[in-house]
Amino acid sequence: MPLKQSSQHPILYSFRRCPYAMRARLAIHYSGIEIEHREILLKNKPAAMLEASPKGTVPVVVLPDGTVIDESRDVMMWALQQHDPQMWYHGLTEEQQAGINDWIDRNDNDFKPWLDKYKYSVGYPEHSEAYYREQCETFLKQLNEQLSKSAYLLGEAESLADNAIFPFVRQCAFVNKTWFDAAPYPHLQSWLQQFLESARFEDIMHKHPLWQAD
Ligand SMILES: N[C@@H](CCC(=O)N[C@@H](CS)C(=O)NCC(=O)O)C(=O)O
């Protein structure tokens, strides 16, 4: 049963520093969809969000007809289905689309679990922080290698792949920025820097007051 809600715009439940929420906000910003932004705290999730999506992760989108989209990749795809003006995904060849999906799969399934252990290494004492970082480097090297051949992951124009992945590389970089900046990944460093300095990133990182239910 779709959930009822009164807003005429889609609602986005979001948490500013979450990389999954960032990629959703990037795609929504790019597509130009107007949304009602509801900033939440992960330690105090609003009942309305949990009612829409009991698994309790951000991002969550609730459409005016009550449809709930609660996986960040699905939110990105939903946004691009509305409007994809610079061909981040639609209009690309099937092979390019498969390439995008492959990059995002590797980010989400292989890299992110190691990134969590690297970032919170005290909680995983079976290995050292340096060990977890080395595991992360497998993916960082692959990204750097690709970016040595083309400006973006899929070629000379940015695509869904770059925007789905850079928030996670950012998170990894900021665990120890001094290390990241000195690491032998110059192409990856400048690719990340370019996204961090972009107007879109600045826009999606604006601070919102916490959402309060009426
Ligand atoms: N597979 C989900 C993962 C989203 C996710 O794990 N988000 C984190 C924040 S970065 C979260 O909400 N965690 C729940 C919590 O910390 O309580 C997606 O892609 O949307």
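Scroll up for the structure.
Criteria and thresholds
Residues numbered from 1 in each chain as written. Predicted model: local features only at pLDDT ≥ 70, side-chain atom pairs only at ≥ 80, totals over all residues. Heavy atoms only, no water. Helix = DSSP H or I, 4+ residues; strand = E, 2+ residues; numbered from the N terminus. Buried < 20%, exposed > 50% of the residue type's maximum accessible area, 1.4 Å probe, protein only. Contact = heavy atoms within 4.5 Å. Areas by Shrake-Rupley, 256 points an atom, 1.4 Å probe, with all protein chains shown as cover. Lys, Arg positive; Asp, Glu negative; His and termini not counted. Charge placed at Lys NZ, Arg CZ, Asp CG, Glu CD. Core = buried A, V, L, I, M, F, W, Y, C linked by side-chain atoms within 4.5 Å. Domains from an automatic or database assignment. Salt bridge = Lys/Arg side-chain N within 4 Å of Asp/Glu carboxyl O. Arc of directions from axis to C-beta. Pairing = 2+ DSSP bridges. Right-handed = clockwise from strand over helix to strand, strands pointing away. Expected span 1.5 Å × (residues − 1). Polar contact = N/O pair within 3.5 Å; in protein donor to acceptor, adjacent residues only side chain to side chain.

Our focus in this paragraph is the overall build of the protein. Within the protein, the secondary structure is distributed over nine helices and four strands. Shown N-terminal to C-terminal, the secondary structure of the protein runs as helices and strands in the order β-α-β-α-β-β-α-α-α-α-α-α-α. Principal-axis analysis of the C-alpha atoms gives the protein an extent of 50 × 45 × 30 Å. Taken across its 214 residues, the protein has 47% of its residues classed as buried. Across the protein, the fraction of contacts at a sequence separation of at least 24, relative to all contacts at a separation of at least 6, is 68%. Total accessible area on the protein stands at roughly 11100 Å², and carbon and sulfur atoms take up 50% of it. Distance from the positive charge centre (21 side chains) to the negative charge centre (29 side chains) of the protein: 7 Å.

A few words on the nonpolar core. Of all hydrophobic cores here, the largest spans 54 residues; its most connected members are Trp78, Val169, Leu188 and Trp191. Listed by contribution, the elements that provide at least two residues to this core are helix H1 (19-31), helix H3 (72-82), helix H4 (94-119), helix H5 (129-149), helix H6 (160-173), helix H7 (177-182), helix H8 (186-196) and helix H9 (199-204). Take this core: its biggest share by element is nine residues, from H6. When residues are assigned to domains, this core turns out to be shared by domain 1 (11-87 + 200-204) and domain 2 (94-198), each giving three or more. In contact with Trp78, not counting residues within four places along its chain, are Pro10, Ile28, Ile33, Val61, Leu63 and Ile69. Judged by nonpolar contacts, the second largest core, of 11 residues, contains Ile11, Phe15, Ile40 and Val62.

Inspection of the entire model under this criterion finds eight salt bridges. As a salt-bridge pair, Glu36 and Arg38 come within 2.8 Å of each other at their nearest N and O atoms. Given the relative accessible area of 24%, Glu36 is considered partly exposed. Note that Lys112 is salt-bridged to Asp116, the shortest N-O span being 2.8 Å. Taken as a pair, Lys112 and Asp116 lie in helix H4 at a separation of four residues, close to a single helical turn. What makes Lys112 buried here is its relative accessible area of 7%. Residue classification places Asp116 among the partly exposed positions, given a relative accessible area of 25%.

Moving on to H8. Every buried residue of H8 is listed here: Leu188, Gln189, Trp191, Leu192, Phe195 and Leu196. One face of H8 carries all of its buried residues, which in axial projection span an arc of 165°. Considering only its buried residues, H8 is in contact with H5, H6, H7 and H9.

Moving on, we come to the side chain of Ser121. Looking at where Ser121 falls in the secondary structure, it is placed in the loop between H4 and H5. The class for Ser121 is buried, based on a relative accessible area of 14%. Excluding residues that lie within four positions of it along the chain, Ser121 makes contacts with Glu129 and Tyr132.

What follows covers the pairing of strand S2 (residues 36-39). Successive side chains on a regular strand alternate, one facing one side of the sheet and the next facing the other. Sheet topology note: the strand S1 (residues 11-14)/S2 ladder contains four bridges and is parallel. By the bridge assignment for S2, Ile11 is matched with Glu36. Read from S1 through H1 to S2, the crossover connection turns out right-handed.

Bringing H6 into the picture now. An α-helix turns once every 3.6 residues. As a result, residues three or four positions apart point the same way. Spanning 14 residues, H6 covers 20 Å between terminal C-alpha atoms, matching the ideal 20 Å at 1.5 Å per step. Burial analysis of H6 places 14 of its 14 residues in the buried class, the great majority of the element. You can read the cap of H6 off the contacts: a side-chain oxygen lies 3.1 Å from the backbone nitrogen of Ala161, and it is on Ser159.

Treat this as a map of the structure, not an account of what it does.
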